[in-house]
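What follows is the residue order along each chain.
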Amino acid sequence: MNQKLNREQLAEGVFFSSVRDDKFRHNSISVNFIVPLEEETASCTAVIPFLLRRGSKSCPDFTRLEQALCNLYGAALSSDVTRSGEYQILSSSITFVDDQYTLNEEKISGQCAKLLGDMVLEPNITDGAFPEEDFQLERQNLMDTIEAEINEKRTYAINQCMALMNQGTPLAISKYGTVEQAKKLTSQMAAARYAQIVDTARVEIMFVGCGDPTLAKEQFRQLWQDQQRHPRLYTPSPAVERASQVKEGKKEMEIAQSKMVLGFRTGSIQGRQERTAMKLMSALYGGTPFSRLFIHVREKLSLCYYCAARFDAATGIMMVDIGLEKDNKEQAKDEILRQLSLVSQGDFDGEELENTKLAYINSLKSVGDSLAAIESWYLMQILWYEQPASPEEDVEAVRAITREQVIKAAGQVTLDTVYFLTSKEDSHE
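Keep in mind that what you see is a predicted model, and the values were worked out from it rather than measured. (Residues numbered from 1 in each chain as written. Predicted model: local features only at pLDDT ≥ 70, side-chain atom pairs only at ≥ 80, totals over all residues. Heavy atoms only, no water.)

### A closer look at the overall build of the protein chain
Then, in step 1: Of regular secondary structure, the protein chain possesses 15 helices and eleven strands.
Then, in step 2: Taken over C-alpha atoms, the radius of gyration comes to 23 Å for the protein chain, in line with the 22 Å a tight globule of 429 residues would show.
Then, in step 3: By its C-alpha atoms, the protein chain is 60 × 50 × 35 Å across when sized along the principal axes.
Then, in step 4: Across the 429 residues that make up the protein chain, the buried fraction comes to 54%. (Helix = DSSP H or I, 4+ residues; strand = E, 2+ residues; numbered from the N terminus. Rg over C-alpha atoms; globule rule 2.2 N^0.38 Å. Buried < 20%, exposed > 50% of the residue type's maximum accessible area, 1.4 Å probe, protein only.)

Okay, here's the thing in structure tokens:
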């Protein structure tokens, strides 16, 4: 990979970053509005990128929008809402063939940037409202998405544990908000929220691919230079280092397989090195097919169908989620905690640590396999690190982690919350 992040400020609160990799034949540009995740605005914010995807002043309907994309060699638009820690991220992106592969090397990168810029800065808003039909369709899609979350029981249990673990904070809020909020929305409210976002959000524009980002950068510079903005300064809440007591939650549903999620606090993590050590410890503990949890809880003791640990650097939270028979709950929980204690005591050999490093490094090397993965990597680096690192630099950081650092990381971890999702007919006190 020949990736290097280049980054500059185009306007107040607006940044343009580019990463070039010659192995691709396409480029991707995304405009990311980054706003605080707040309960009262979560649903209204979440519907915005999908409304923007439906058209702009210059292409106010799908027919003209798709015709414009066809004229740009089949470029593709997409929109999404994600979250990272206490941030809600609204993404609008366009993927297109690089200029060197067009007929007569036609310069379409600037045109693609202009089309995307019009979509996010000149949306189809008239008299202070999005088109009513578009709004009704996207609001219903949002409500359907929220209601469908419960169908994926593993993800549902993890989200419920996160909400219980962080009651009263932005980390407890869904990136989509709630159905109740969505039902109250109007097209006028969505347009007003859009204006607030353009005025106050941090904006990260990402260009990833084999091409020259200059035309796109200059196009966005022109688009943003006349915007009178008031970017909101926002500092995420300090991470909770330890739990004062273990919280427990339980829900009964019509399910065949019970789910248990354990939420852990990971102490005070200072700097990239300690964060890398915690990631590596989490992988050794429960992040690979040869991890402690997989080998002991699943394979040797047959206490579960799956068992995995994941550390989220943005929140400082480690989650262990497990699918199991209800009667195995206490034994499985005890063994999960026992394995963590053993790691904190250094009860693992050099081969375990080396194999975990190799698996982790392999996952880092896969970042360069797609434009989307590269973009996601660098956007998270920009959000959470003072000095963004490349995947190659992270590989070297992983290699440098010592056994003692892994042991220290495990010793910082404490149980905060246990959430249990089980079947109605099988459950009993």
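### Considering the sheet that holds strand β3 (residues 26-36)
Then, in step 1: Strand order across the open sheet formed by six strands is β1-β2-β6-β3-β5-β4, with mixed pairing between neighbours. If you trace the sheet from one side to the other, it starts and ends with β1 (5-11) and β4 (76-84), each paired once. Going across the sheet, the axis of each strand differs from the next one's by a mean of 20°, ignoring polarity.
Then, in step 2: Note: β3 against strand β6 (residues 202-209), eight bridges, orientation antiparallel. Paired with Asn 27 across the strands is Gly 209, a residue of β6.
Then, in step 3: Here helix α3 (residues 109-121) sits on the sheet in contact with β3, β4 and β5 (87-97), set at roughly 150° to β5. (Pairing = 2+ DSSP bridges. Axes fitted to C-alpha atoms, helices over the stretch in contact; angles between N-to-C directions. Contact = heavy atoms within 4.5 Å.)

### Examining the packing of helix α9 (residues 271-286) against helix α12 (residues 350-365)
Then, in step 1: It is the contact of α9 with α12, at a shortest axis distance of 9 Å, that shows an interaxial angle of 110°. Classified by the angle between their axes, α9 and α12 sit roughly perpendicular to one another. Only Glu 352, Leu 353, Thr 356, Lys 357 and Tyr 360 of α12 make contact with α9, whose side of the interface consists of Lys 279, Leu 280, Ala 283 and Leu 284. (Parallel < 35°, antiparallel > 145°, perpendicular 65-115°, else oblique.)

### Side note on the packing of aromatic side chains
Then, in step 1: One pass over the full model with this rule turns up three aromatic pairs.
Then, in step 2: Taking 5.6 Å as the distance between ring centres and 50° as the angle between the ring planes, the aromatic pair formed by Tyr 87 and Trp 384 counts as tilted. Within this pair, whereas Tyr 87 is found in strand β5, its partner Trp 384 is found in helix α13 (residues 371-384), the two being separated by 297 residues in sequence.
Then, in step 3: Here Tyr 87 falls in the buried class, since its relative accessible area comes to 9%.
Then, in step 4: Centroid distance Phe 130 to Tyr 194: 6.4 Å. Interplanar angle 75°. Geometry classified as edge-to-face. Here the residue Phe 130 occupies a position in the loop between α3 and α4 (132-148), and Tyr 194 occupies one in helix α7 (residues 187-200), the gap between them amounting to 64 residues. Considered together, Phe 130 and Tyr 194 belong to a single accessibility category, that of buried residues.
Then, in step 5: Between Arg 154 and the ring centre of Tyr 306, over which it is positioned, the NZ or CZ distance is 3.9 Å.
Then, in step 6: Positioned above the aromatic ring of Phe 348, the side-chain terminus of Arg 403 is 4.5 Å from the ring centre. (Phe/Tyr/Trp six-rings, centres within 6.5 Å; stacked < 30°, edge-to-face > 60°. Lys NZ or Arg CZ within 6 Å of the ring centre and 35° of its normal.)

### Side note on the side chain of Ser 93
Then, in step 1: Relative to the helices and strands, Ser 93 is located in strand β5.
Then, in step 2: Side chain to side chain, Ser 93 and Ser 78 meet in a polar contact 2.7 Å long.
Then, in step 3: Apart from the residues within four sequence positions on either side, Ser 93 is in contact with Ile 29, Ser 30, Ala 76, Leu 77, Ser 78 and Leu 116. (Polar contact = N/O pair within 3.5 Å; in protein donor to acceptor, adjacent residues only side chain to side chain.)

### Description of the nonpolar core
Then, in step 1: Counting residues in hydrophobic clusters, the biggest one holds 57 residues, and the most contacted among them are Ile 29, Phe 33, Ile 94, Ile 205, Phe 220 and Trp 224.
Then, in step 2: Looking at which element gives the most residues to this core, the answer is α3, with seven residues.
Then, in step 3: Aside from chain neighbours lying at most four places away, what touches Trp 224 is Ala 11, Val 14, Phe 33, Leu 121, Val 203, Ile 205 and Arg 229.
Then, in step 4: Leu 280, Tyr 285, Leu 364 and Tyr 378 belong to the second largest nonpolar core, which has 55 residues in total. (Core = buried A, V, L, I, M, F, W, Y, C linked by side-chain atoms within 4.5 Å.)

### Let's talk about helix α10 (residues 292-300)
Then, in step 1: Buried residues of α10: Arg 292, Leu 293, His 296 and Val 297, and no others. Buried residues of α10, viewed axially, fall in a sector of 100°; they line one side.
Then, in step 2: Where the residues of α10 are buried, they touch α9, β9 (306-312), β10 (317-324), α11 (329-344) and α12.
Then, in step 3: Positive phi shows up at Ser 302, right after α10, with a value of about 50°. (Arc of directions from axis to C-beta.)

### Describing the sheet that holds strand β11 (residues 414-423)
Then, in step 1: Ordered in space as β7-β11-β8-β10-β9, the five strands form an open sheet in which the pairing is mixed. The sheet terminates laterally at β7 (247-253) and β9, the two strands that pair on one side only. The average angle at which neighbouring strand axes cross in this sheet is 15°, direction not considered.
Then, in step 2: The sheet contact formed by β9 and β10 spans seven bridges and is antiparallel. Residue Ala 308 lies in a different strand from β10, and its bridge partner there is Asp 321.
Then, in step 3: Where α11 meets the sheet, its contacts fall on β7, β8 (258-265), β9, β10 and β11, and the angle it forms with β8 comes to roughly 30°.

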